[in-house]
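Analysis of the macromolecular model
What follows is each chain in one-letter form.
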Amino acid sequence: MSAKTQFLKKLQARQPSPCSFGSKSESDIAMFRQQMSELQERMGGWLENTGISLECTSVPLTDLLVDSRAFEIPGIQLHYEKRTIKFTPLFLYGQDVTGCVEVSLCADGRLIPLSRLFMRSGKSTDWTYTLSGGSSWSRCDFGEEAFFMMLDGLLSD
C-alpha cells in the first residue's frame, strides 16, 4: 500500500461519520425540525418590509407512535398589532401524513383554527395544507400565495 493510500485511509477514518438515525421515527423527527426551520426562513423572506414580526418558538410534542416520548419541534408566531397567527406543530404521524402543523388566529382572546399544514402527505413530499372545516383529503400545495391568504386574519376587523 502506498504512503498516499495509507494517509487517505487514516484521514477517512478520522472523518466524522454521516449522521445516522437509529430508527425511521428519529429520522422523521429530524426532518420535521429541519422543514419547520426552513419554513421559518421562507416566511421571514416573504414578510420583509410588511411590519409583521416573526417569532420562533419551541413546541413539545408527544407522539404515541414514537415510543410515547416527548421531543421539541420549532413553532412559528406572526404578530401584527394585537393579533397573532400561530403555526403550532400538532403531531408527527397521522393518517397518511408525516408532520402536521395547526395554523390558528389569536384575536380578541379567542383561538380560531384556520388550516393545517402537512410536511409530507400521501405521495407529496412538499408542504401541503387544508382549510379548517374542509376535507382532509383535498390538500393543496402550500406556498407564498396560500401563506398570504392565511394572513388575511391579521388585518380583518
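As the structure is a computational prediction, the values presented were derived from the model and not from experiment.

Turning next to unusual backbone geometry. The phi angle at N49 is positive, at roughly 65 degrees, despite the residue not being glycine. Relative to the assigned elements, N49 resides in the loop between helix 2 (24-46) and strand 1 (53-62). Under the relative-accessibility criterion, N49 is labelled exposed at 80%. One non-glycine residue with positive phi stands out, namely D96, at about 65 degrees. Within the element layout of this structure, D96 appears in the loop between strand 3 (83-94) and strand 4 (97-107).

Turning to the pattern of salt bridges, a few remarks are in order. Here the structure, examined in full by the defined rule, presents 3 salt bridges. Two residues, K24 and D28, come together in a salt bridge whose shortest N-O distance is 2.7 Å. Of the two residues, K24 and D28 are both situated in helix 2; the distance of 4 residues between them amounts to about one turn of the helix. Relative accessible area serves as the criterion here: at 55%, K24 is assigned to the exposed category. Between R120 and D28 there is a salt bridge, and its shortest N-O distance comes to 2.7 Å. Taken together, the residues span a long stretch of sequence, with R120 in strand 5 (residues 110-121) and D28 in helix 2 at a distance of 92 residues. For R120, a relative accessible area of 22% puts it in the partly exposed group. Judged by relative accessible area, D28 falls into the buried class, the value being 4%.

Topologically, T98 is positioned in strand 4. Dropping the residues within four chain positions of it, T98 is found in contact with D28, L92, Y93, M119 and R120.

Right, let's talk about the sheet that holds strand 6 (residues 128-131) for a bit. Strand order in the open sheet formed by 7 strands is 1-2-3-4-5-6-7, and the pairing between neighbours is antiparallel. Single-partner strands in this sheet number two, and they are strand 1 and strand 7 (140-141). In terms of strand pairing, strand 4 meets strand 5 through 10 bridges, oriented antiparallel. For V103, the partnering residue across the bridge sits in strand 5 and is S115. On top of the sheet, helix 2 reaches strand 1, strand 2 (70-80), strand 3, strand 4 and strand 5; it is set at about 15 degrees to strand 2, its chief contact.

What counts and how
- Residues numbered from 1 in each chain as written.
- Predicted model: local features only at pLDDT ≥ 70, side-chain atom pairs only at ≥ 80, totals over all residues.
- Heavy atoms only, no water.
- Helix = DSSP H or I, 4+ residues; strand = E, 2+ residues; numbered from the N terminus.
- Buried < 20%, exposed > 50% of the residue type's maximum accessible area, 1.4 Å probe, protein only.
- Salt bridge = Lys/Arg side-chain N within 4 Å of Asp/Glu carboxyl O.
- Contact = heavy atoms within 4.5 Å.
- Pairing = 2+ DSSP bridges.
- Axes fitted to C-alpha atoms, helices over the stretch in contact; angles between N-to-C directions.

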